[in-house]
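A look at the structure
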Amino acid sequence: MSTTTQTAAVGEQAAAPGRRRKQLSEGARAERRLGWMLCAPAVIVMIAVTAYPIGYAIYLSLERYNLAFPNAVKFVGLSNYGAVLSSPFWWHALTVTVIITVISVGVELVLGMLLAMLMYRTLFGRGTVRTTILIPYGIVTVVAAYSWQYAWTPSEGYLSAAFNNSAPLTKTVTAIAVIILAEIWKTTPFMALLLMAGLSLVPEDLQKAAKVDGATTWQRFVRITLPLMKPAILVALLFRMLDAFRIFDNIYILTTGANGTGSVSVLTYDNLITALNLGTGSALSILILICVAIIAVLFIKGFGTAAPGSDVRR
Amino acid sequence: MATTTARQKVGWGTANTIVVVLTLIPVLWIVSLSFKDPASITDPTFFPVKWTWANYSGILTTSSFIRPLINSIGIGLIATLIAVVLASMAAYAVARLAFPGKQVLIGMSLLIAMFPAVALATPMFNIERILGLFNTWPGLIIPYVATGLPLGIYTLSAFFREIPWELEKAAKIDGATPFQAFTRVIAPLAAPGMVTTAILVFLFCWNEFLLAITLTSTTAARTAPAAIGFFSGSSQFAVPTGSISAAAVVITIPIIVFVLFFQRRIVAGLTSGAVKG
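Everything quoted here is computed from the prediction, not taken from an experiment.

Some details on the overall build of chain B
On a plain count of helices and strands, chain B comes out with 11 helices and 0 strands. Shown N-terminal to C-terminal, the secondary structure of chain B runs as helices and strands in the order α-α-α-α-α-α-α-α-α-α-α. Here the C-alpha coordinates of chain B stretch approximately 75 × 70 × 35 Å along the principal axes. Looking at chain B as a whole, 49% of its 277 residues qualify as buried. Relative to all contacts within chain B whose residues are 6 or more apart in sequence, the contacts with residues 24 or more apart total 74%.

Written as structure tokens, this is what we have:
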């Protein structure tokens, strides 16, 4: 929880608001300067690599700019956006992305909650479980994706063999199911760890008191644990939603986006690397950014998620 | 816990086992594939019928894997070092100093943490092409530092808030110079947070794929995951499945080592930003 800001510097700062405005004391001014100096390098790098490219992407998205025809660069206004938004490929990719995001995050929330409970309450082997589940979190997504791909390859994989030599990666619906499975396996541990941190904020006394009052396990979970964990759950959901929305690695390895399984990220990559179309690619980048912003705003405004790191009291 | 019945023990034990097994099966499968003899790779048994080191000796003698492996290590370490240094400076300021613009910095880090890498792909591709950074180490290090920074600033400012800074003052009263006070008292306390952050940032760089395949074109800068992603395309290896699996296992080893040695730190680091607020 945000127990206000600093510990040691509290003494100096408590006096600060009073004499702010007109003249800052020499010390406070020096502190400001030091603060800015210390943050400057980080800020410069972050702006150089994100804000500037985005500005540049907005500019590029208004141009007809294809590296295959470098002499045909021309300002075309919003027509790249028109082309993308009227293209069935964009809407299909967006649908696929939303389906993958919603299903995988939904399942992860349930599984992650169970896993968090297990790690928090299990009587023994807690360390072993925590160490083991960090492997999917840490493993390179490409590696995990190959493992799933080979497992589902007919006459090669154990899972395909177990399911009557089926080839799920060759059909849209089943391929998306495999992508979701791979996504869930990889990211449930992260969800579980965030939820476990939330669980540790639920006071044990409250649980005991409710137990004494005759509340069943389920009632205690729904009436006490869940409400107290709400901030942790929302933060975990927000992080995972944004993460799932930009899904790329798993799809690229499992299907390369074939059979209509490409996400918006895969579509953008194809547009850039295969078609070398910078104008359309930039329009796609900006549209994805807008989608991400919508998700974030919905969460922060709609559900009142306190942004992690903000010093707002919940 | 007053008494634990045998039934409870069995129940938790079963649950633990299920989790561990489900977690490890895909990992064991790729390990098993990497040891399968090329002739028996099309045999869908879970464990190899005939074990072989051929896949490993194959990939470890080809520059199309060794070079990307060196790239991955180099790019990962340099990006991690820069990110941790810059993030420490910023996080110290966030945790310890009063200055206007702190909230803006925190908000900006949050925005960047949520940022879809693919939105950067197209503009960065063109910028790096023009600046001559395309397909070079700095071309990947710079975006990795930028994406690692928000993570670093969060985790480190959470850690720095917990440090009892009064100790610094106490050391000075006892006659230590500011430098001594920092190196002898504060640095040892801050080190665990920095190690944790370094691990998380390194894991991120090690794992990154989208920018790695967008901003590189040859093994001059292509990292290991990106190179593995392109193994299948080339027919350089007789049976790509075995080679890919062996390469996959090689790049998984550092992760297993990190996880085994730093389990507590990784968990603390991952959850500090989210819950401490």
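Now, onward.
As for the interface of chain A and chain B
Opposite the 94 residues of chain A that make contact, chain B presents 89 residues. Per-element accounting of the side of chain A that touches chain B gives the leading share, 19 residues, to helix H2 (residues 26-61) of chain A. Residues of the side of chain A that touches chain B, tallied by class, amount to 63 nonpolar, 25 polar and 6 charged.

Side note on helix H1 (residues 6-34) of chain B
Look at H1 of chain B: 41 Å from first C-alpha to last across 29 residues, which is about the 42 Å you get at 1.5 Å a residue. The largest bend in H1 of chain B amounts to roughly 35° and is located at Ile-25 of chain B, with the proline Pro-26 of chain B lying one to four residues further along.

Considerations on the confidence of the model for chain B
All names here are of chain B. Confidence in the prediction for chain B averages 86 pLDDT; 94% of positions are at 70 or higher. Counted against residues more than four places away or in other chains, residues 233-237, with its pLDDT under 50, gives 4 contacts. The ipTM value of the predicted complex is 0.88, and its pTM value is 0.87.

Rules and cut-offs
Residues numbered from 1 in each chain as written. Chains lettered and ligands numbered in written order. Predicted model: local features only at pLDDT ≥ 70, side-chain atom pairs only at ≥ 80, totals over all residues. Helix = DSSP H or I, 4+ residues; strand = E, 2+ residues; numbered from the N terminus. Buried ≥ 20, exposed ≤ 12 C-beta atoms within 10 Å, placed from the backbone. Contact = placed C-beta atoms within 7 Å. Nonpolar A, V, L, I, M, F, W, Y, C, P; charged D, E, K, R; others polar. Expected span 1.5 Å × (residues − 1). Bend = angle between axes of the 7 residues up to and from the residue. pLDDT = per-residue confidence, 0-100.

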